[in-house]
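# Coordinate analysis (summary)
Residues per chain, in single letters:
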Amino acid sequence: MATFPAPVGGLNIADNLVMMPATDATVMRNVISQPYGVELRKGNVRHATDLNSGEPVHTLVEHLTANSATAPKLYAFAGDEMYEISAPGDAARVASLTGLSNAVWNGPRVNNASGANRILFNGVDNGIWIKNDFTIARITAAAIPGSPVAGELDGVSPQSIIGGTVHQKRVWLIEKNSTKGWYLAPEALSGAATMFDFGTIFLRGGHLAVLATWTVDSGSGLDDMLVAISSEGDIVVYAGVDPGSGTPGDWVLKGVFSAGRPLSQRAVVRKEGDLLIMTQFGLLSLSKAISSDSFSDANSGAYLSRKIQYTLGQLATDLPTTFGWEILPSPNNNLVIVNVPMTTESGQFVQSSITGGWSQFDGWDALCWCKFGEHTVYGDRDGNVWRALEGYTDGAIQSDATTITNGEPVLGEVQTSFNFFQSLSAVKHAKMVRPTFIGGSKVDYAIMVNPDFDYDAATTPGISGILGESLWGTALWGTDSWAGTGMSGTQHVWTGVPGIGSAFALRLAIRAAKPVLWASYDIMYEEGHGI
């Protein structure tokens, strides 16, 4: 008999199957790697529905005022309309704005003497200004060039802006299909805009795709860097405050680095003292890349996604311009969520901030993500907004302020790495397996062993069909019709799992509507001699 921990190392699609650690897995579906075991992820709750008659939700924005006693508000863009959807429920929503050209809006939060503001742009329409008191105004071109008033931009049309950032108290804006950035006066959210052209710095050409600020020490101060990323993957880093001051040392080019192409504006995010960039080569940690100078090697320590890069790279290659690539840290859940857009249903790669282990989520057809108070929310392609990682069922519905109807139990699936039990050549006969679950509710589960790099599922008559079709194909997930047995409490029961081979991997499916932790498993086997 041998005992192994649950695969807390997470999903591994990078290492050789023979040499893969016992703490890793080749399938991690709807589960999370935790220090003490593998945990079934939480569910989701529908927060709002039928926005703009079911148009896809392409943007979610939280706006929090400078008054900490005032609750934040949540805004959604679907089709040609903008909605305020802070209160949950199925009630019909009244649009805050109509007649918009598209629903893809990006822009920074701007703090100044008036309080907290949010400015948003979509590259076609006039900008949107959500003020500190939640009133909504538009940002237009200056009526009198050279004399802009509040809410007007001078020097560049707001209809050509697709997003931006705040660096050293200055708003920086991105002009679409160009290499030009535009910066405003300190703490201004409109007014005179001054052009700064990054084109001569981009080594491989392309247009300005992303502007971000990189806070090296996790705070805000003179060591903040402005990061400009081209559509071809050049990363330009500047230090300083005012490009136009003319003072030596006030605006310094720190370096130009070549990485993979960024997949979207929303696939770049600040996390503590780091800047995470989702590129065609994987999820890049800028702080690690600067220290190692390893921008173009997907196997280097600069890429947090090394273990999943084979699949992630294929998806980035096949879907480089598909809308929906996004990164969202979820601090309350100790997770980093990488949204992967698909043709019919999106999925997510999810990394534990504690263990670094990766897993995959499916069943959440997200097009955009947002933090809203203590919640993590996403919008789907059917006009719905959902609160993710809440409750323990998928598809729960909140119909009004107090009523939530549960959905279906969450379905999780794991296949461990293959284990030779310290003998590569000997043939073994698997007899029984005993998983250890910790949970206070009945758990339906299916279990078997797969011998010698097999990913087939059990076909026992009458007990198949717990899990549906995998999101990302049988090459990764294998087949997923599984058996189930109801148990409750701490569960530690032997199950017969016959199999013959040199190596075995445990295949496990879990269905539950309460917290479940898989801690370890025992396997009883007999080693052949002279075979």
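Residues numbered from 1 in each chain as written. Predicted model: local features only at pLDDT ≥ 70, side-chain atom pairs only at ≥ 80, totals over all residues. Heavy atoms only, no water.

Our focus in this paragraph is the overall build of the protein chain. Helix and strand content of the protein chain: 2 helices and 45 strands. A total of 531 residues make up the protein chain; the buried ones form 56% of that total. Nonlocal contacts in the protein chain, meaning residues at least 24 apart in sequence, comprise 60% of its contacts between residues at least 6 apart. Summing over all exposed atoms, the protein chain offers an accessible surface of approximately 20,800 Å²; the carbon and sulfur share of this is 52%. (Helix = DSSP H or I, 4+ residues; strand = E, 2+ residues; numbered from the N terminus. Buried < 20%, exposed > 50% of the residue type's maximum accessible area, 1.4 Å probe, protein only. Contact = heavy atoms within 4.5 Å. Areas by Shrake-Rupley, 256 points an atom, 1.4 Å probe, with all protein chains shown as cover.)

The next thing to look at is the state of the cysteines. Per the counting criterion, the structure on display carries 0 disulfides. Of the cysteine sulfurs around Cys-368, a residue in no disulfide, the closest is that of Cys-370, at 8.1 Å. Take Cys-370: its relative accessible area is 7%, and that puts it in the buried class. (Disulfide = S-S within 2.5 Å.)

Turning next to the packing of aromatic side chains. Enumeration according to the criterion identifies 24 aromatic pairs in this entry. Consider the rings of Phe-196 and Tyr-238, whose centres lie 5.5 Å apart with planes at 90°: the pair is edge-to-face. Linking Phe-196 in strand 20 (residues 194-197) with Tyr-238 in strand 23 (residues 234-240), this pair joins segments that are 42 residues apart in sequence. Like Tyr-238, Phe-196 is buried. With a centroid separation of 4.4 Å and 35° between ring planes, the pair formed by Phe-421 and Tyr-525 is classed as tilted. Of this pair, Phe-421 sits in the loop between strand 38 (408-416) and strand 39 (428-438) while Tyr-525 sits in strand 45 (residues 517-527), and the two are 104 residues apart along the sequence. An aromatic cluster of at least three residues, connected via ring pairs, comprises Trp-172, Tyr-183, Phe-196, Phe-198, Phe-202, Tyr-238 and Trp-251. Over the ring of Trp-129 we find Lys-131, and its NZ or CZ is 4.5 Å from the ring centre. (Phe/Tyr/Trp six-rings, centres within 6.5 Å; stacked < 30°, edge-to-face > 60°. Lys NZ or Arg CZ within 6 Å of the ring centre and 35° of its normal.)

The next subject is unusual backbone geometry. Phi is mostly negative for residues that are not glycine, and the peptide bonds are mostly trans. Non-glycine residue Gln-168 carries a positive phi angle of around 50°. Its place among the elements puts Gln-168 in the loop between strand 16 (161-167) and strand 17 (170-175). With a phi angle near 50°, Asp-452 is a residue other than glycine that sits in the positive phi range. With respect to the secondary-structure elements, Asp-452 resides in the loop between strand 40 (443-451) and strand 41 (485-487). Given a relative accessible area of 35%, Asp-452 falls into the partly exposed group.

Reading across the sheet, the 4 strands line up as 16-17-18-20 and stay open at both edges, with antiparallel pairing between neighbours. Every interior strand has two partners, whereas the edge strands, strand 16 and strand 20, have only one. The sheet shows a mean angle of 30° between the axes of neighbouring strands, taken without regard to direction. Note that strand 16 and strand 17 share 6 bridges and pair antiparallel. Considered in strand 17, the bridge of Ile-161 is made with Glu-175. (Pairing = 2+ DSSP bridges. Axes fitted to C-alpha atoms, helices over the stretch in contact; angles between N-to-C directions.)

Overall, mixed pairing links the 6 strands, which are arranged 11-12-13-14-15-19 in an open sheet. Of all strands in the sheet, those with a lone pairing partner are strand 11 (109-112) and strand 19 (191-192), marking the two edges. The pairing of strand 15 (residues 152-154) with strand 19 spans 2 bridges and is classified as parallel. In the strand pairing of strand 19, Leu-153 is matched with Gly-191.

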